[in-house]
Amino acid sequence: MITNFIKVAIRNLLRHKTYIFINIFGLAIGLACSILIVLFVMYELSFDRFNEKKDNIYRVYLSGKIGESEIEGAWTAAPTAGAFLEEFPEVIDATRLDNWDEVVVKFEDQSFIEKDVILVDSSFFNIFSFPMIQGDAGTALNAPYKIVLTESTAKRYFGKEDPVGKQLRINSDTTRYTITGIVSDPPKNGHFDFTMAASFLSLDRATDDFWLSNSFNTYLLLEDGASEEELEAKIPAILEKYIGPQLQQAMGISLEEFAEAGNRYGLLLQPLLDIHLDSKIQHGLKPSSDKKYIYIFIIVALLIIIIAGINYMNLSTARSAGRSKEVGVRKVVGSTRKSLIRQFLVESVFLSFISLLVAIGIVGLILPEFNHLVNLQLDINYFRQWYILPGLLLLSLFVGILAGSYPAFYLSSFKPVAVLSGKLGSGSRRSSFRSIMVIIQFTISIIIILSTIIIYQQIRYMLDKDLGFNNEQLLVIRRAGAVGDKMEVFKQEVLKFPGALGITHSTAIPGFPNNNNGYGIEGWGAERTVLMNTCWTDFDNPDVFKFEIKEGRFLSKDLASDSTAAVINESAVKKFNLENPLGTRFIQPTDQTGGFTYLTVVGVVKDFHYQSLHDEIQPHIFIHMPKDWHWGYLTVRLAPENIKETVENIENTWKEFTSNDPMQYFFLDEEFENLYKQEKRTSKIALGFAIFSLLIACLGLYGLTSFTTEQRTREIGIRKSMGASGQKIILLLLKEILVLISISTIIAWLFTYFAMDKWLQNYYYRINLNPLTFIMAFLVAVIIALLTVSYRAIIAAKTNPAIALKYE
């Protein structure tokens, strides 16, 4: 029986090749978009799932408030892992993790730049699933200066040689690291990457018992059945035990007094599988994605499927008059309504399966470009997991039934007497249904177009907004410490080049803040603490970055007292209500024994963006860098001419000062753009799917217009014979389309306004929704729609009325 249904379906479909082609292509584009979105969503949801103990692994994160500043970050103190392991029986293992962003690794006379070097405890390989190829996972990192390489890194350094036992030099460290093992390359869908894993015990702070400095990631492995909530409930008592005495000693207040002043200090647990999609917790090891974008893309996939399904419904019901006699005859010879519904659904599902095959071909063609667009390496192997092919078939079945359900029930409802006697209704209800479907199609398309335009405008606003400093022609050199105590000499050598206009040394630069410290303010009382982003720097910082001094002055090398001076930004003045900021003294804790330094404010700089425009500018403080501090960044302001030559000169000078170390550098304006990588990716995906959704809608509109003009051929002929001009005929055919798109536009405007206004709330600095943007989206939709149907309208208008009057 099913074979007969399929044969009949094929025969019926071949009678209407134009409409079938439009349906297949429309459904194929919808299915292809859905497959791409599913690939993307599955990749985002797959993070860290390769870990065998994934359900028992948790990251500890800091959740607190100091003054008016809320903190949620994956920072913990060095003793956290050991204390949790000792105090909580449900914690069966723990590891700390620190990452070095870019380091120079040397083996004999070769130098390599490694971007992902981590330092971990020996328990790391017991918690995470990174199989050892060589070496003992339990002892590979159980002592200082041991290091494990990934398989690809080992091949890159040593080829086919056995690397175990060989020694590497990292940065300027005089002690060599001994290779103790080889581990499989970590999967790309982990929330951190690494090429080398060194022993955490190599760090000076590995045995530190100071709880008030939070710099490291801490991971816990809990026993089966352990409750996250119950463990979190025990943490405050441990913080009181360990942090309370140190806080009392450093600041002269108890943890209770600290909390009573409106502050908060807590440690919470985050399940491993939640890390990648939780963008609220700062300082992850790899940029997190935002869960809301997953939902957005799933909704977009559904909307595109709906648009493709509406195409099928529209064209099927539009062809109803042509199939009405078929229905009437089949009912007369004994076909039941149930069998007719089954037949029409088989046609729809069969068409959907053909569309799936076309969609798979489309995905294969555009996947490389899609990967380039989203900067990922997605691939699809339809036989990798057992559920992929059944899932695609079920999707195709669902789309086929969804798209074919209304036409099936509608066509099967025709009365044979009415059909065969030529008394079938005029079709106003059918026409109304098709109009509603077109409105839904174009409403969805305009929503996607308008949303894409607004996302793009917000990105442009963030990229073009005045940052409060000049980030162009700024060359930033990492690892300033490589030049050691020759820092000032190196700076003077760089300034000899005509293309180097200025150079400064600092621990932080805009886009790369790395110290958020607590300070007291003289006269406020010990229990009141403020949090400020801190930058230790030399005296040349404002000349290089072009910060604007709003009040007072910057730090000066001519004043010895400026070793304990400070410059703050306007946000600090506003947030701390400093009526006379100059002369205000901030209190900076200097050690664990209660020592502190007074820092006198000598200047106020205009607010500048040192983070992305997602966040409000927070209080910021500049302090003079001690002479024996060499870490951080060197930033060089370049002349716009001969940049390449100047960079080469600086690079050669760097090698002279660092024993031929490679110079790691970047341009600040380029890195600042990377702060909006996720938004850029989202806008590109949205633009692609906006084009696809509009293409599907236009295909349907073209098919529907073709059918409508065919049905109205006789009417057009009569109108022309009565003196109607070609222009009037064209306007007659286009008028209905304009009305439908206008209705779609009004609905889309209302929906998009509220949805995008809510989306823009994610940005502290954001655009205002502009009416011109909404008008632009309407014009785009109108122009594309008119271009789509004009061809058919012009053909109809040029038809000879004598031929048209013979039609039917």
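Refer to the preceding data block for the structure.
Here's what I pulled together on the structure shown here.

## Remarks on the pairing of strand S17 (residues 530-537)
Buried residues dominate S17, accounting for eight of its eight residues. In S17, alternate side chains face the same way, and those of Val530, Met532, Thr534 and Trp536 on one face and Leu531, Asn533, Cys535 and Thr537 on the other are all buried. Bridge analysis of strand S16 (residues 516-521) against S17 gives four bridges, and the strand direction is antiparallel. Paired with Asn517 across the strands is Met532, a residue of S17. Both S17 and strand S22 (residues 620-624) contribute to a ladder of five bridges, which runs parallel. Note on S22: the bridge partner recorded for Asn533 is His620.

## Examining helix H5 (residues 151-158)
The periodicity of an α-helix, 3.6 residues per turn, causes residues three or four places apart in sequence to face the same way. Inspection of H5 places Thr153, Ala154, Tyr157 and Phe158 among the buried residues, and these make up the whole buried set. Considered in projection along H5, the buried side chains sweep an arc of 100° and stay on one side of the axis. Buried residues in H5 make contact with strand S4 (103-107), strand S5 (110-114), strand S8 (146-150), strand S9 (167-170), strand S10 (177-183) and strand S11 (196-199). The positive-phi residue at the C-terminal boundary of H5 is Gly159, with phi of around 60°.

## What to know about a nonpolar patch on the surface
A grouping of Phe353, Leu393, Leu394, Leu397 and Ile401 is seen on the molecular surface, where their side chains present a nonpolar patch of about 420 Å² in accessible area. The leading source of residues in the nonpolar patch is helix H11 (residues 388-411), at four residues. By relative accessible area, which is 32% here, Phe353 ends up partly exposed.

## Regarding the side chain of Thr195
Mapped onto the secondary structure, Thr195 falls in the loop between S10 and S11. For Thr195, a relative accessible area of 17% corresponds to the buried category. For Thr195, the side chain forms a polar contact with the side chain of Glu114, separated by 2.9 Å. With sequence-adjacent residues up to four places away left out, Thr195 is seen in contact with Glu114, Asp116, Val117, Val148, Leu149, Thr150, Thr153 and Arg156.

## Some remarks on the pattern of salt bridges
One side chain can pair with another of opposite charge once the charged atoms of both are near each other. Under the counting rule described, the total for this entry stands at 23 salt bridges. Of the charged contacts in the structure, one is a salt bridge between Glu44 and Arg681, with a shortest N-O distance of 3.6 Å. One end of the pair, Glu44, is in helix H2 (residues 17-45); the other, Arg681, is in helix H19 (residues 677-711), and 637 residues separate them in sequence. On the basis of relative accessibility, which here comes to 2%, the residue Glu44 falls in the buried class. Residue Glu161 pairs with Lys166 through a salt bridge whose shortest N-O separation is 3.6 Å. Salt bridges linked by common partners bring Glu488, Lys491, Asp538 and Asp540 together as one network.

## Thoughts on the environment of Thr597
Counting through the fold element by element, Thr597 comes out in strand S21 (residues 596-605). Assessed through its relative accessible area of 24%, Thr597 is described here as partly exposed. A sequence separation of 33 residues divides Thr597 from Thr564, and the C-alpha atoms of the two residues are 7.6 Å apart.

## A short note on the pairing of strand S1 (residues 57-66)
Burial analysis of S1 places nine of its ten residues in the buried class, which makes it a mostly covered element. Two elements, S1 and strand S12 (residues 217-222), share four bridges in a ladder whose sense is antiparallel. Across the sheet, residue Val60 finds its bridge partner in S12, namely Thr218. With eight bridges joining them, S1 and strand S13 (residues 264-271) adopt antiparallel strand pairing. Residue pairing for S13: Val60 is matched across the bridge by Leu269. Note that S1 and strand S2 (residues 69-73) share five bridges and pair antiparallel. The residue bridging Lys65 from the neighbouring strand is Glu70, located in S2. Linking S1 to S2, which pair antiparallel, is a turn of two residues; within it Gly67 sits at a positive phi near 65°.

## Structural notes on the environment of Leu734
Structurally, Leu734 is set in helix H21 (residues 726-760). Residue Leu734 is classed as buried on the basis of its relative accessible area of 11%.

## Quick look at a negative patch on the surface
Together, Glu240, Glu256, Glu257 and Glu260 give the surface a local cluster of negative charge. For the negative patch, the element with the most residues is helix H7 (residues 255-260), which contributes three residues. Examined against the element boundaries, Glu260 turns out to sit in helix H7. The exposure class of Glu260 is exposed, given its relative accessible area of 61%.

Cut-offs applied
Residues numbered from 1 in each chain as written. Predicted model: local features only at pLDDT ≥ 70, side-chain atom pairs only at ≥ 80, totals over all residues. Heavy atoms only, no water. Buried < 20%, exposed > 50% of the residue type's maximum accessible area, 1.4 Å probe, protein only. Helix = DSSP H or I, 4+ residues; strand = E, 2+ residues; numbered from the N terminus. Pairing = 2+ DSSP bridges. Arc of directions from axis to C-beta. Contact = heavy atoms within 4.5 Å. Patch = residues over 30% accessible without salt bridge, like charges linked within 9 Å, V, L, I, M, F, W, Y side chains within 5 Å. Areas by Shrake-Rupley, 256 points an atom, 1.4 Å probe, with all protein chains shown as cover. Salt bridge = Lys/Arg side-chain N within 4 Å of Asp/Glu carboxyl O. Polar contact = N/O pair within 3.5 Å; in protein donor to acceptor, adjacent residues only side chain to side chain. Lys, Arg positive; Asp, Glu negative; His and termini not counted. Charge placed at Lys NZ, Arg CZ, Asp CG, Glu CD.

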